[in-house]
Amino acid sequence: MKDGLHLTRLDNGLTVVTDTMPSVQTASVGVWVNAGTRHEAPEINGVSHLLEHMAFKGTERRSARAIAEEMDAVGGHLNAYTSREHTAYYAKVLKEDVGLAVDLIGDILQHSTLDPEELAREQAVVVQEISQALDTPDDIVFDHFQSTAYPDQAVGRPVMGTADLVRGMSRQTIAGYLSDTYGAGRMILSAAGNLEHEAVVEMAGKAFRALPAERPVAEEAARYSGGEYREERDLEQVHVVLGFNGVAYQHPDFYAASVLSTLLGGGMSSRLFQEVREKRGLAYSVYSFASSYTDGGLFTIYAGTGPDEVAEVLPLLCDEIMKVTLGVTDEEILRARAQLKSSILMSLESTASRCEQAARQLLSYGRLVPLAEVVANVEAVDGAAVRRAAARIFAGKPTLATIGPLARVEAYDRILARLSC
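Cut-offs and rules
Residues numbered from 1 in each chain as written. Predicted model: local features only at pLDDT ≥ 70, side-chain atom pairs only at ≥ 80, totals over all residues. Heavy atoms only, no water. Helix = DSSP H or I, 4+ residues; strand = E, 2+ residues; numbered from the N terminus. Rg over C-alpha atoms; globule rule 2.2 N^0.38 Å. Buried < 20%, exposed > 50% of the residue type's maximum accessible area, 1.4 Å probe, protein only. Areas by Shrake-Rupley, 256 points an atom, 1.4 Å probe, with all protein chains shown as cover. Polar contact = N/O pair within 3.5 Å; in protein donor to acceptor, adjacent residues only side chain to side chain. Contact = heavy atoms within 4.5 Å. Pairing = 2+ DSSP bridges. Axes fitted to C-alpha atoms, helices over the stretch in contact; angles between N-to-C directions. Salt bridge = Lys/Arg side-chain N within 4 Å of Asp/Glu carboxyl O. Core = buried A, V, L, I, M, F, W, Y, C linked by side-chain atoms within 4.5 Å. Parallel < 35°, antiparallel > 145°, perpendicular 65-115°, else oblique. Nonpolar A, V, L, I, M, F, W, Y, C, P; charged D, E, K, R; others polar.

Caption draft 1: Structural view of the overall build of the chain. When helices and strands are counted, the chain shows 16 helices and 11 strands. The C-alpha radius of gyration of the chain comes to 23 Å, within 12% of the 22 Å expected for a compact globule of 421 residues. Projected onto the principal axes, the alpha-carbon positions of the chain cover approximately 60 × 50 × 40 Å. Buried positions account for 54% of the 421 residues belonging to the chain. When the accessible area of the chain is evaluated, it comes to approximately 17,900 Å², of which 51% is carbon and sulfur surface.

Below is the structure:
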C-alpha cells in the first residue's frame, strides 16, 4: 500500500484521486461536481440544491429507505451539500466498505428515478428549510449580503432558491439540469483513508459507467458591485455583515488575505475579538473570514450586537479596518500564520478533510497542491503582503447588510466616509 496522493483519469473523463492513510481503519469517499448555484438560470435558482436532496430519494435499484438502511447497516454516514460553485456527495465508512460507498454514490448520481411523489415531498422539505433560514437572522443575513455584493447574477442568488421557484420545479427540469451538468469531465471522485488507489479506480470504472457525455455549461462571471441591504425586524439583536471585494483562489494575494482575515477577526487574539468583545463587551459574536471563487471572492466581517450598541460597533469595525491598512505587527503575523498552519496540519488527521481537500484543489486549481507548497505560501506572508492585501480589499466599495432594530445603524454614506478617511 503506497502512502500519499494518486491521480487517475478514467476513459470517460472522470477524475479519481486517492489519499492513502494506512494507519487508520476508515475511509471517506465522495464525488465533487463542478455544478452549483452559479451554473443555474434565474428561473431555476435552487435546482442544484433540490437535486442534491432528490439524489437520496431512490434509484432504479434502491428505494430511499434502502439507501439509508444499506449505509446504516455498515455503520457508515452518507451526506451531501451544495455551494455556489460545487455540489458534493460523500460517505464515511470502515475500510472494508469502500466498495459499497463508491457503488452507492455512483448509483444515486446516475440512476436516480426522481419519482414525482418523492419530488413533491422533498419540495415541501426544502421549502421548510428555506423558511427556517428566513427565521434565522444570523443565517439569512449572509444571503442578503451575497445578493447585494453580486446583484442580478447567479453567484449572488441563494443556494436554496426561493419557495416559489422550488415549488414550481418539475421532474423534467431537474432531470435536464442533471443531464446537462453532471458529465464525467465535471466530476472528481475523491477518497482518503485505508485504501488502495488501483482498487478505487477499478471500483469507479464499474460504478460510473452511465455518466452522460460532457456538455459546455455556461458560467456567468462574478461581478462585484457592493451596496446596502437593510431589513427592519423586531429582534433582540442587530445582525451586521460588512464586506468587500475579495480575491480568487489563484490570486497572488490569496494567502495574504487569509492571514489578514485571521489577524483581524479569526481568533480570540484577533483585533476585532479583542476590541469589540473583550475590551468593550459590545458583542458576543464578532469575526471575519475570506471566501474565494474561481474568479473572485469576498472579505466578510460579521457582528451580532444590541440595538443601542450597534451605534458604537459599526464605527468601531470601520476604525479597525482603517488601522489594519496602516500596518500590522510581526507578532500578529506570526500568530495568524501559526493559526492557519495548525488548521491545515490538523485537518490532515481527518479522512473526510483530506478527501475534500484533494477534490477542492483539483476543482479550484486544476492540480493537486503539495502540502509543502501550501505551508511555504503561508510562511511567505509578511507585513508588506498583508498591507498590500488590505489596501487592495478595503479600498473598494463596501457591502453592508443589516437585519434587526435599525434605528441606530449609521447611514451607508456615513460608513463610506469612515472607510475613505
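Caption draft 2: Expanded view of unusual backbone geometry. The phi dihedral of Leu114 is positive, around 50°, even though this residue is not glycine. Residue placement: Leu114 occurs in the loop between helix 3 (98-110) and helix 4 (116-134). In the Ramachandran plot, Asp152 falls in the positive-phi region, its phi being about 55° despite a non-glycine side chain. Looking at Asp152, the relative accessible area reads 72%, which means it is exposed.

Caption draft 3: Spotlight on the side chain of Gln123. Along the chain, Gln123 falls in helix 4. Looking at Gln123, the relative accessible area reads 11%, which means it is buried. Looking at Gln123, its side chain comes within polar contact range of the main-chain oxygen of Met169, at 2.8 Å. In contact with Gln123, other than residues within four places in its own chain, are Leu50, Val166, Arg167 and Met169.

Caption draft 4: Just the sheet that holds strand 11 (residues 399-404), in detail. Strand order across the open sheet formed by five strands is 7-11-8-10-9, with mixed pairing between neighbours. What marks the edges here is a single partner per strand, and that holds for strand 7 (227-232) and strand 9 (283-293). Adjacent strand axes in the sheet meet at a mean angle of 10°, parallel and antiparallel pairs treated alike. Along the sheet face, helix 5 (residues 137-149) touches strand 7, strand 8 (238-245), strand 9, strand 10 (296-305) and strand 11 and points at about 150° away from the line of strand 11. Contacts from helix 10 (residues 271-279) reach strand 9 and strand 10 within the one sheet, and its direction differs from that of strand 9 by about 155°.

Caption draft 5: Seen up close, the pattern of salt bridges. A complete count under the given rule lists 32 salt bridges for this structure. Residues Asp107 and Arg62 are paired through a salt bridge, measuring 2.8 Å at the closest nitrogen-oxygen approach. Taken together, the positions of Asp107 in helix 3 and Arg62 in the loop between helix 1 (47-54) and helix 2 (64-73) put the pair 45 residues apart, joining distant regions of the chain. Judged by relative accessible area, which is 1%, Asp107 ranks as buried. We note a salt bridge from Arg84 to Asp143, for which the minimum N-O separation is 3.5 Å. Placement of the pair is Arg84 in the loop between strand 4 (77-82) and strand 5 (87-94) and Asp143 in helix 5, with a sequence separation of 59 residues.

Caption draft 6: Representation of the nonpolar core in the model. Judged by nonpolar contacts, the single largest core of 67 residues is most densely connected at Leu14, Tyr89, Leu109, Tyr182, Leu189 and Phe208. Sorting elements by how many residues they give to this core places helix 3 first, with seven residues. The residues touching Phe208, leaving out its near neighbours within four places in the chain, are Asn12, Leu14, Val31, Val102, Ile105, Gly106, Leu109, Gln110 and Leu189. Val238, Leu242, Phe254 and Leu316 belong to the second largest nonpolar core, which has 52 residues in total.

Caption draft 7: Just the packing of helix 1 against helix 7 (residues 171-181), in detail. Running from N to C, helix 1 and helix 7 cross one another at 95°; their axes reach a closest spacing of 10 Å. The angle between helix 1 and helix 7 places the two elements in the roughly perpendicular class. On helix 7, the residues that touch Val47, Ser48, Leu50 and Leu51 of helix 1 are Ile174, Tyr177 and Leu178. Classifying every residue of the contact of helix 1 with helix 7 gives six nonpolar, one polar and no charged.

Don't take any of this as a statement about function, it's just geometry.
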